Amino acid sequence: MLRACETPVGVIDLPRVRANIERVLTYCSDHGITWRPHVKTHKSVRLARLQLEAGAPGLTVATPREAEVMATLTDDLLVAYPVVGGNKLERLMALPGSVRLMIGLDSSDVLAMVRSAASATHRSVRVLVEIDVGLRRVGLQTPAEAVRLAEEISESTELEYAGIMFYPGHIRSSQAKQAADLAVLGGLLQSFYDALDTAGLSPSVVSGGSTPTLWRSHEIPGLTEIRPGTCIFFDREGLAIDVAQPGHLAYSVLATVVSRAVSGQAVVDAGSKALAKEARGGDDGFGFLLDRPEVLVESLSEEHGILDLSATDWRPTVGDRVRIVPNHVCVSVNLQDHLMAVDGEHVEVWPLEARGRGPYQATGENSD
Ligand SMILES: Cc1ncc(COP(=O)(O)O)c(C=O)c1O
């Protein structure tokens, strides 16, 4: 089936996926934290089901579509994104009543929107105060601000103050070199805990973590749950910072060599519309060949990927197939129509139900 399928297409190695999931859950249980995988990496019902069946107690989502899809699988969802605009909040409030919804936010403005949507639908919503620990993207900047917002949440009858969340996305160094950054992070978090404790608002949930800091999560004080998503597949960045080894790479883009006309290179049919043009991974280029790591994708146009053959004696011919590990897996998966799930000789086409923005229809084309 793989041999016959049209390229480019995302391919996942199911034994590696299962092993990656197991490894994260074992780490978490060894350290008394839980894993709430972020589904933005895979956007797939079947992959989320593997995570839940292996022991993840709930899921993290960023979009209403992801929430709608994942609500068919779990009753424990965290929306780790400020929900603003359109009918996003209405869509969340329309999730089945059995879903315990938790939303992270960082302003009174968003809080007011969530409060009014919750009260209009008589829905109880748990809220996390999002704090910025260094990424400078979203999140409150000081403990005093966090206390004020936590007070506002707890004064509201419709909402339940559950705790705090953060994303340490600024820490992307090699995992052996993260000690200083993690110490700063720990000190910063402690100042938030102290202020919240003094105000009688100790967080019962502290949701954080990332794939780059995954295996050092236990060094982050006070964490109750982590939300890494990329670790289900890993990618070139994970390898570059030693969070993953080559045997953990579970996603690649299957591509076909379409030209050898220019010496020293081969052109494949996976361009930026299959791999994504994210400069990551420490080195130049946009990915490497799974079976020939010395061969880099040195440049991309939309439908063309240029393989640099200068570090290899391998000379492919037109029609040969290769597997490319992208720099950043999440954006590459989001460019696929579906994934080819490979388990030994067995291959299945797995849909990506949570891709896109529109409402999820759990029947017909979208059905699992
Ligand atoms: C809010 C939030 N939580 C969790 C994650 C998952 O992290 P990672 O990509 O490091 O696995 C992300 C990633 O972007 C995120 O933005």
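Use the structure listed above.
Rules and cut-offs
Residues numbered from 1 in each chain as written. Predicted model: local features only at pLDDT ≥ 70, side-chain atom pairs only at ≥ 80, totals over all residues. Heavy atoms only, no water. Phe/Tyr/Trp six-rings, centres within 6.5 Å; stacked < 30°, edge-to-face > 60°. Helix = DSSP H or I, 4+ residues; strand = E, 2+ residues; numbered from the N terminus. Buried < 20%, exposed > 50% of the residue type's maximum accessible area, 1.4 Å probe, protein only. Polar contact = N/O pair within 3.5 Å; in protein donor to acceptor, adjacent residues only side chain to side chain. Disulfide = S-S within 2.5 Å. Near = heavy atom within 4 Å. Areas by Shrake-Rupley, 256 points an atom, 1.4 Å probe, with all protein chains shown as cover. Nonpolar A, V, L, I, M, F, W, Y, C, P; charged D, E, K, R; others polar. Expected span 1.5 Å × (residues − 1). Arc of directions from axis to C-beta. Axes fitted to C-alpha atoms, helices over the stretch in contact; angles between N-to-C directions. Parallel < 35°, antiparallel > 145°, perpendicular 65-115°, else oblique. Left-handed = near helix turned anticlockwise from the far one by under 90°. Contact = heavy atoms within 4.5 Å. Pairing = 2+ DSSP bridges. Core = buried A, V, L, I, M, F, W, Y, C linked by side-chain atoms within 4.5 Å.

A. Up close: the packing of aromatic side chains. Evaluation of the coordinates by the stated rule reveals two aromatic pairs. Ring plane angle 85 degrees and centroid distance 5.5 Å describe the contact between tyrosine 27 and tryptophan 215, whose orientation is recorded as edge-to-face. Linking tyrosine 27 in helix 1 (residues 14-31) with tryptophan 215 in the loop between strand 8 (205-208) and strand 9 (225-226), this pair joins segments that are 188 residues apart in sequence. Side by side, tyrosine 27 and tryptophan 215 carry an identical accessibility label, which is buried.

B. Layout of the side chain of histidine 328. Mapping histidine 328 onto the fold places it in the loop between strand 15 (321-326) and helix 10 (329-333). Among the polar contacts listed, one links the side chain of histidine 328 to the side chain of glutamate 278, at a separation of 3.0 Å.

C. Spotlight on the state of the cysteines. Summed over all chains, the structure comprises zero disulfides. Free of any disulfide, cysteine 28 has its nearest cysteine sulfur in cysteine 231, 8.6 Å distant. Cysteine 28 sits in the buried class, given a relative accessible area of 2%.

D. Expanded view of the site of the ligand. Around the ligand, the structure places His38, Lys40, Ala80, Arg137, Tyr167, Ser210, Thr211, Pro212, Arg227, Pro228, Gly229 and Thr230. Between threonine 230 and the ligand, the recorded distance is 2.9 Å, taken from a side-chain N or O atom to an oxygen atom. For the ligand, the protein covers 89% of the area, taking 390 Å² as the surface of the free molecule. When the residues that make up the shell around the ligand are grouped by side-chain class, the tally is four nonpolar, five polar and three charged.

E. Expanded view of helix 5 (residues 108-121). With 14 residues, helix 5 extends 20 Å from end C-alpha to end C-alpha; this agrees with the ideal 20 Å at 1.5 Å per step. Residues of helix 5 that are buried include every one of Val110, Leu111, Val114, Ala117 and Ala118, and no others. The arc that holds every buried residue of helix 5, seen down its axis, measures 135 degrees, which confines them to one face. Along helix 5, the residues that are exposed and aim more than 90 degrees away from the buried face are Asp109 and Ala120.

F. Seen up close, the packing of helix 5 against helix 6 (residues 143-155). Where helix 5 contacts helix 6, the two axes come as close as 11 Å, and the packing angle between them is 15 degrees. Compared by their axis directions, helix 5 and helix 6 come out roughly parallel. In this structure, helix 5 meets helix 6 at a crossing whose hand is right-handed. Contacts between helix 5 and helix 6 involve Ser108, Leu111 and Arg115 from the former and Leu149, Glu152 and Ile153 from the latter. Looking at the contact of helix 5 with helix 6 residue by residue, the classes come out as three nonpolar, one polar and two charged.

G. Spatial organisation of the sheet that holds strand 2 (residues 34-35). With parallel pairing, eight strands are arranged side by side in an open sheet as 2-9-8-7-6-5-4-3. At either margin of the open sheet sits one strand with a lone partner, and together these are strand 2 and strand 3 (59-61). Across two bridges, the pairing between strand 8 and strand 9 is parallel. Its bridge partner being in strand 9, glycine 208 is matched across the sheet by isoleucine 226.

H. The arrangement of the nonpolar core in detail. Core analysis: the biggest nonpolar cluster contains 106 residues, and Ile12, Val17, Leu77, Ile103, Val129 and Phe233 have the highest contact counts within it. Grouped together as the second largest cluster of nonpolar side chains are eight residues, Leu2, Cys5, Met340 and Val347 included.

I. Helix 1, seen in detail. For helix 1, built from 18 residues, the straight-helix expectation of 26 Å at 1.5 Å per residue is met to within 8% by its first-to-last C-alpha distance of 26 Å. When helix 1 is considered as a whole, its buried residues turn out to be Leu14, Val17, Asn20, Ile21, Val24, Leu25, Tyr27 and Cys28. Relative to the axis of helix 1, the buried residues are bounded by an arc of 160 degrees and lie together on one face. Every exposed residue of helix 1 that faces more than 90 degrees away from the buried side is listed here: Ser29 and Asp30. Just downstream of helix 1, glycine 32 is the residue with a positive phi angle, here 65 degrees.

From the geometry alone we can't say anything about function, so treat these as descriptive.
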